[in-house]
Amino acid sequence: MLNTLSTITNKEVITLKKNSCLSCGSSEVSVFYEVENMPIHSVMLLPTRDKAINYLKKDIRLGFCTKCGFISNVSFDQSLLEYSTGYESTQSYSPTFNVFAKGLVRNLTDRYDLHDKDIIEIGCGQGEFLTMLCEIGLNRGIGFDPSYIPGRNENLEKNKISIIKDFYSEKYADIKCDFLCCRMTLEHIHKTGDFIRIIRRSIKDKPDTIVFFQVPDVIRILNDLAFWDIYYEHCSYFSPGSLASLFRNNGFEVIDIWKDYGEQYVMLGAKLAGKSTSKSISMEEDVSELKGKVDLFSKNNLEFLIQNFLFTHCF
Ligand SMILES: [Zn+2]
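Residues numbered from 1 in each chain as written. Predicted model: local features only at pLDDT ≥ 70, side-chain atom pairs only at ≥ 80, totals over all residues. Heavy atoms only, no water.

1. A word on the pattern of salt bridges
Inference 1: This structure, assessed with the given rule, holds 13 salt bridges.
Inference 2: For Glu170, the salt bridge goes to Arg201, with nearest N and O atoms at 2.7 Å. In this pair, Glu170 is assigned in the loop between strand E6 (161–164) and strand E7 (179–183) and Arg201 in helix H6 (residues 192–202), connecting sequence segments 31 residues apart.
Inference 3: Accessibility expressed as a relative area gives 36% for Glu170, which makes it partly exposed.
Inference 4: A salt bridge links Asp295 to Lys291; the nearest nitrogen and oxygen atoms lie 2.9 Å apart. Of this pair, Asp295 and Lys291 both sit in helix H9 (residues 287–314), separated by 4 residues, roughly a single helical turn.
Inference 5: Its relative accessible area of 37% is what places Asp295 among the partly exposed residues.
Inference 6: Look at Lys291 and you get partly exposed, because its relative accessible area is 33%. (Salt bridge = Lys/Arg side-chain N within 4 Å of Asp/Glu carboxyl O. Helix = DSSP H or I, 4+ residues; strand = E, 2+ residues; numbered from the N terminus. Buried < 20%, exposed > 50% of the residue type's maximum accessible area, 1.4 Å probe, protein only.)

2. Topic: the coordination of the zinc ion
Inference 1: Looking at the zinc ion, one finds its protein donor set to be Cys21 (SG), Cys24 (SG), Cys65 (SG) and Cys68 (SG), positioned 2.3 Å from the metal centre.
Inference 2: Geometry at the zinc ion is tetrahedral, judged from its 4 donor atoms and the angles of 105 to 112 degrees they form at the metal.
Inference 3: One chain supplies every donor to the zinc ion, and in sequence these donors are spaced C-x2-C-x40-C-x2-C.
Inference 4: Note on Cys65: relative accessible area 0%, which makes it buried.
Inference 5: For Cys68, a relative accessible area of 5% corresponds to the buried category. (Donors = N, O, S within 2.8 Å, 3.2 Å for Na, K, Ca; no water. Tetrahedral: all angles 85-135°; square planar, octahedral: opposite > 155°, others 65-115°.)

3. Remarks on the packing of aromatic side chains
Inference 1: One pass over the structure, following the stated rule, counts 19 aromatic pairs.
Inference 2: Geometrically, the ring pair formed by Phe32 and Phe297 is edge-to-face, given 6.2 Å between the ring centres and 80 degrees between the ring planes. Of this pair, Phe32 sits in strand E1 (residues 29–39) while Phe297 sits in helix H9, placing them 265 residues apart in sequence.
Inference 3: Each ring, one from Phe179 and one from Phe212, has its centre 6.4 Å from the other, and the planes form 15 degrees; the classification is stacked. Note that Phe179 is positioned in strand E7 and Phe212 in strand E8 (residues 210–216), a separation of 33 residues in sequence.
Inference 4: Taking the relative accessible area as the measure of exposure, Phe179 reaches 0% and is therefore buried.
Inference 5: Members of the aromatic cluster, connected to one another through ring pairs, are Phe97, Phe100, Tyr261 and Tyr265.
Inference 6: The positively charged end of Arg183 is found above the aromatic ring belonging to Phe129, 3.8 Å away from the centroid. (Phe/Tyr/Trp six-rings, centres within 6.5 Å; stacked < 30°, edge-to-face > 60°. Lys NZ or Arg CZ within 6 Å of the ring centre and 35° of its normal.)

Any functional reading would require information that these geometric values do not contain.
In structure tokens:
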């Protein structure tokens, strides 16, 4: 606590010329939140208590891009993470989450007419969501996830779904794709601009492909002072406006943006941009509005730490 408190008290919001925004390339990235020694993974299963306590810890320094609104951990090191079979992130045993997931499947099926289509899901986990998408619309699915455990999802085979235990990349550009789905994965990717450009190049010959992304909404985290929703493996944070900017800046037309799951998630639908520029959608906030929320989070977080510090040490 003391280290964290002193770090933040002594800090001014600074412009880091050496850090450029990984979404838009701007050098105007200001650090507004720092916390030291956070475990690099949050859902890794470890065999002993000692291994858990001594698990690798690194610092989080969230930077805000004043040009596009993208927030990321400027101290992040992607090479440290291990998305292996010990990584357990499934939410499919939660009845509440399953109600949400089924509702989203129905929503996407109706919204984008997903019937008899070829679907790719990046970061599909054990393929539960992809299975639902394929079952409801009689679609065909291919999932990508390095943490996939073969044999765990018995519904894959009967629905003609295959999962490739790998990160998605351009080497898979030949796979047919009417709908590319990527849920709760982009926040784990540091070089978000590079990643979206990989997707654009992969579907460059498929102009009708719909791309769908779901990420946590950073506006809720900022408004609720939800510091517990900031962790190391989430290196990238988006609002509706900054998520839309990422896609527009990289050759996509944004079709839809909406929020779901108690406004915790931002959903975005897009396709390759044509000649006309897509207009912004009413849910997109502008960067100055987001900056106000970032400043308030930074100020309130400092006050919270001071109060906590005084309570811990003086009473
Ligand atoms: Zn930016």
